[in-house]
Structures are given as structure tokens and as C-alpha cells.
Amino acid sequence: MAAPTFAVPPATATTAPAATRAAADDQALGALLAGAGLVHVAMAPAHLAASTSDGVGFLVAGAVQLVVAVLVVARPSRGTSALAAGVSAIALGAWAVSRTAGLPYGAHEGVAEPIAFVDGATAALAAFALLGAVIRFARPSGRRSADGDGFVDPTGPILLRGLAVGALALSIAAIASPSAREHGHGAEEAGGGGHGHGPAAEGVDDLGYSALVNGQMGSHEHPDGPGAEPTLTPAESGALAEQVAWTAPLVELYPTVADAKAAGYKQQGPFSPGLGVHFSGPGTSYNSDGDMDTEDVQSGMLIYDGVEDDARLAGFMYMALQDEPPEGFVGDLDTWHYHTAVCIVVTPDGIDTPFGADLSGVTKEMCEAEGGSLLDFTGYMVHLWTVPGYESPEGLFSDLNPAITCPDGTYYTIPIREIGAADSTCRNA
């Protein structure tokens, strides 16, 4: 009697390797999703400081990516693969819009932002996750070897697990990158916000920011001597907080250029990156005594982040017609500046400055030929950045505010002599 034989089902030879390969695929896809989600969650606090909608968007995106990462590993199926593909496509699409046309909401509504390592790395993770999800959807059970023996190359899972480790490493590098720290430092230095780009580190393209200048400085002399860091006592901090709080009604009344125009405000010169565009109204006046009381704080110029009617309020500028820097705000944080050789051309819509400010070689005759009057000295001025979403990372009274960029997210400007009656000094305007 012949010994019994037992046939081994073909599936037995392939189930373990195929399952191993499928599990490795799921782990790699989960790691890619988790990496992108971790970056979004880590960056949410800095974006919340600049804009509630921006921060909430980052939190939601990160939470969704992390949940889907768990699902594709714990409950692998064509359904979870499709969900992963959809979430990754949405994240990648939102990033592409933010870097081309600008998002339709938030602190930088409609402004295309520059690409930094942190967001580029996150986009790369989302792109690979999208690709991986599509592959998993098309081949949910792993792939057989080309020679048809039913076994899968054992190096496959190793490579995919390496991809998973690489995804997590990339997310950690993105969170620790200088561009990520710049977001956080901006919020800290501004005392609570500002999605500013700020001066770049040495060797990094700062998109033209370091080339910007604004007038000549006339700062207060610090009691501890030149070069000492400004400080505030607790009493001064409280008094200054009360002063800057007086700007709150202006934020409510004039949130857009259209609101300012309706109230009789007119444009004063062109838009410039780092400075915005200034609007002067019926109540705008020079400070007469050097101190900033409620009336003075509420009678400054309004600064907007663009010249269109829907451009947003970004800050304020105050003027004092004095030979020396005024006492100004409480403490010594406010740094006042002035301009020279400014040709002022009054028009029905406001003021043009055909030669910009501080341009050497501008003469009275040149200005009169443009129909204007030449100011040798403008008086002292100071900016105040208290509008939520536009707090300057360089300080409450910083001369320039890196949160205000050209439409393409850069700071590149045209030569001063070419300004003429232009509405913007941006090179791409």
C-alpha cells in the first residue's frame, strides 16, 4: 500500500511572502502619512500665533494624516488606501495653491508664499504617500516575482521599511530646520504672532529682504549707553500695553482698504514690501507734544498689506514734527525714523512720491517739474504692529515688517528712480 501523500495548496507557498510584502507596503505608507502629519502638528502653534484659521488648518491636516496613517497599518484595505490617496492629494494641492496663488484665507490670504525646507519636505512626504496609496490600491495583496514561482524578492520589504524610516527622519529634519525655527522665533519675538519671513540666516536666500531700507534712524538714547538692549520695567510694560490697546477700535473700524476709503482715507505713496501702503484720513495728525495719549494713538496713519480694496490692515504709523526724536510711547522700545528729500505730489486720490524717499540728487527743480513740493525733512515717524496676523517678528515698533511681502512672497523692488506714480514698488507688480 502506497504511503499517502498530501498536496500543498499553491497559496501556502505565496501567502507568507506576499503578506510580508503587503505589510511592509502598509508600514511605508503609514510612515509617510505620519511624517507629514507630525510636521503639520508641530508647526501648528506658530501658525496659530499668526492666524487662528492658519493654525487650525495645520492642526486638522496633521490630525487627519495621523489617523489615516494608523488606519492603513491597522486596517489595510482598498478603502483605506483610497482614503490615504485622497488625503494626500488634498494636502499636496493645498500646498501647491499656497505657493502659487496663495490660500483664500488666513494671515497671508491671496499671497503666494516662498518655498522653504520645512514645507518642501512636507510636500514631498505627501507626494510619496499619494504615490504609495495609489500603488497599494492597485495591488492590495503584494506582487509576485517575475519568474512566476510565486515568491517575492525578500529585499522588497527591507527597502520599504527603509523608506518608512527615511520618512520619519525627513519629518524630524523638517521640524528641526532653520525655516521651522524661524516661524517659532517670529511668534516669540513679536510677543505673540507674525507669520513673518524675517532676515535669512547667512548663506540662505532672504528673497531680497536684507536690501530693504527705510529712512534714517533717530532712536532714543538708552540710559545704559549706546548699543544697550531696550528693556521695560513691569510698570512700563503695563502702561505700554494700555497704549497699544488703544489701536483696537481702528482694527475694528478699518479692516480693509475699502473701509478706509469709505471713511475718507487716501493713499500716501506706493506699496512697498516690509512697509505696506499708508493711508491718511481726516483725523490723521502730527503729534504736537511728543507724548502718545489716546487721541494721538487713534489718529495715526493706517498701513495695509496691499493697494486693492480687499487688502488687510497690517499696522499704524505715527508722526511728530520735531527736531529731536519725541518721547513717544512708554519705555524705549519705539525707534523713530525720518526721511529726507521727499518729493510730494498731491493728487485727487492721495499722494505720489515719484522719487521715493532719501534718494540723493533729487532737487527742488526736479520735484517741481513733477508738479510736487520737495520736503527736506519729513519729521519723525514710527510704526506700530499690533494687528493680529501682522505682528512683526522684529519687534512691536520695528522699522520694517517682514510679514508684509510682495504678491509673490518676496521683497524684490524696482529702482527708486522708476517709482513715478506706481502703486507698488514690487518688482513683480
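See the structure shown above.
What counts, and at which threshold
Residues numbered from 1 in each chain as written. Predicted model: local features only at pLDDT ≥ 70, side-chain atom pairs only at ≥ 80, totals over all residues. Heavy atoms only, no water. Helix = DSSP H or I, 4+ residues; strand = E, 2+ residues; numbered from the N terminus. Contact = heavy atoms within 4.5 Å. Areas by Shrake-Rupley, 256 points an atom, 1.4 Å probe, with all protein chains shown as cover. Buried < 20%, exposed > 50% of the residue type's maximum accessible area, 1.4 Å probe, protein only. Pairing = 2+ DSSP bridges. Phe/Tyr/Trp six-rings, centres within 6.5 Å; stacked < 30°, edge-to-face > 60°. Disulfide = S-S within 2.5 Å. Core = buried A, V, L, I, M, F, W, Y, C linked by side-chain atoms within 4.5 Å. Axes fitted to C-alpha atoms, helices over the stretch in contact; angles between N-to-C directions. Parallel < 35°, antiparallel > 145°, perpendicular 65-115°, else oblique. Left-handed = near helix turned anticlockwise from the far one by under 90°.

1. Focus: the overall build of the protein
Here's step 1: A count of helices and strands for the protein gives 11 helices and 10 strands.
Here's step 2: The contacts of the protein with a sequence gap of at least 6 include a subset with a gap of at least 24, amounting to 68%.
Here's step 3: Surface accessibility of the protein: about 20,600 Å² in total, with carbon and sulfur atoms responsible for 62%.

2. Some thoughts on unusual backbone geometry
Among all residues save glycine, negative phi is the norm, and among peptide bonds the norm is trans.
Here's step 1: Even without being glycine, Ala-341 reaches a positive phi, approximately 55°.
Here's step 2: Looking at the secondary structure, you find Ala-341 in the loop between β6 (337-338) and β7 (342-347).

3. Considerations on the side chain of Ser-398
Here's step 1: Within the secondary structure, Ser-398 sits in the segment after β10 (380-384).
Here's step 2: On the basis of relative accessibility, which here comes to 8%, the residue Ser-398 falls in the buried class.
Here's step 3: With near-sequence residues (within four places) excluded, Ser-398 lies in contact with His-383, Trp-385 and Ser-392.

4. Looking at the pairing of strand β5 (residues 313-320)
Here's step 1: The buried fraction of β5 is high, at eight of eight residues.
Here's step 2: Note that strand β4 (residues 301-304) and β5 share four bridges and pair antiparallel. The residue bridging Met-301 from the neighbouring strand is Met-317, located in β5.
Here's step 3: Here β5 pairs with β10 via five bridges, running antiparallel. In the strand pairing of β10, Tyr-318 is matched with Val-382.

5. Quick notes on the packing of aromatic side chains
Here's step 1: For the structure shown, the criterion picks out eight aromatic pairs.
Here's step 2: Measuring from centroid to centroid gives 5.8 Å for Tyr-318 and Phe-329, while their planes differ by 65°, and the two rings are edge-to-face. Of this pair, Tyr-318 sits in strand β5 while Phe-329 sits in the loop between β5 and β6, and the two are 11 residues apart along the sequence. Each member of the pair, Tyr-318 together with Phe-329, is buried.
Here's step 3: Summarising the aromatic geometry, the rings of Tyr-338 and Tyr-380 are spaced 5.4 Å apart at their centres and angled 75° between planes, so their arrangement reads as edge-to-face. Taken together, the residues span a long stretch of sequence, with Tyr-338 in strand β6 and Tyr-380 in strand β10 at a distance of 42 residues.

6. What about the state of the cysteines?
Here's step 1: For the structure on display, the rule yields two disulfides.
Here's step 2: Linked covalently through their sulfurs, Cys-343 and Cys-367 form a disulfide whose S-S length is 2.1 Å. When the S-S torsion is 85°, as for the bridge of Cys-343 with Cys-367, the disulfide is right-handed. With a gap of 24 residues between them, Cys-343 in strand β7 and Cys-367 in helix α11 (residues 364-369) connect regions that are remote in the sequence.
Here's step 3: Judged by its relative accessible area of 0%, Cys-367 falls in the buried class.
Here's step 4: What pairs with Cys-406 in a disulfide is Cys-426, and their sulfur atoms sit 2.1 Å apart. Judged by the sign of its S-S torsion, about -95°, the bond between Cys-406 and Cys-426 is left-handed.

7. As for the nonpolar core
Where a protein is soluble and globular, its nonpolar side chains tend to be buried together.
Here's step 1: Residues Leu-302, Tyr-304, Phe-316, Tyr-318, Phe-329 and Trp-336 are the most contacted members of the largest nonpolar core, which totals 38 residues.
Here's step 2: The residues touching Leu-302, leaving out its near neighbours within four places in the chain, are Tyr-254, Ala-260, Tyr-265, Val-277, His-278, Phe-279, Leu-313, Gly-315 and Phe-316.
Here's step 3: Of all hydrophobic cores here, the second largest spans 14 residues; its members include Ala-34, Ala-36, Ala-69 and Leu-125.

8. Brief notes about the packing of helix α3 (residues 78-98) against helix α4 (residues 117-138)
Here's step 1: Their axes nearest at 8 Å, the elements α3 and α4 cross at an angle of 150°. By the angle between their axes, α3 is roughly antiparallel relative to α4. Two packed elements cross with a definite hand, and for α3 against α4 that hand is left-handed. When α3 is examined against α4, the residues Arg-78, Ser-81, Ala-82, Ala-84, Ala-85, Ser-88, Ala-89, Leu-92 and Trp-95 are found in contact with a partner set consisting of Asp-119, Gly-120, Ala-123, Ala-126, Ala-127, Ala-129, Leu-130, Ala-133, Arg-136, Phe-137 and Ala-138.

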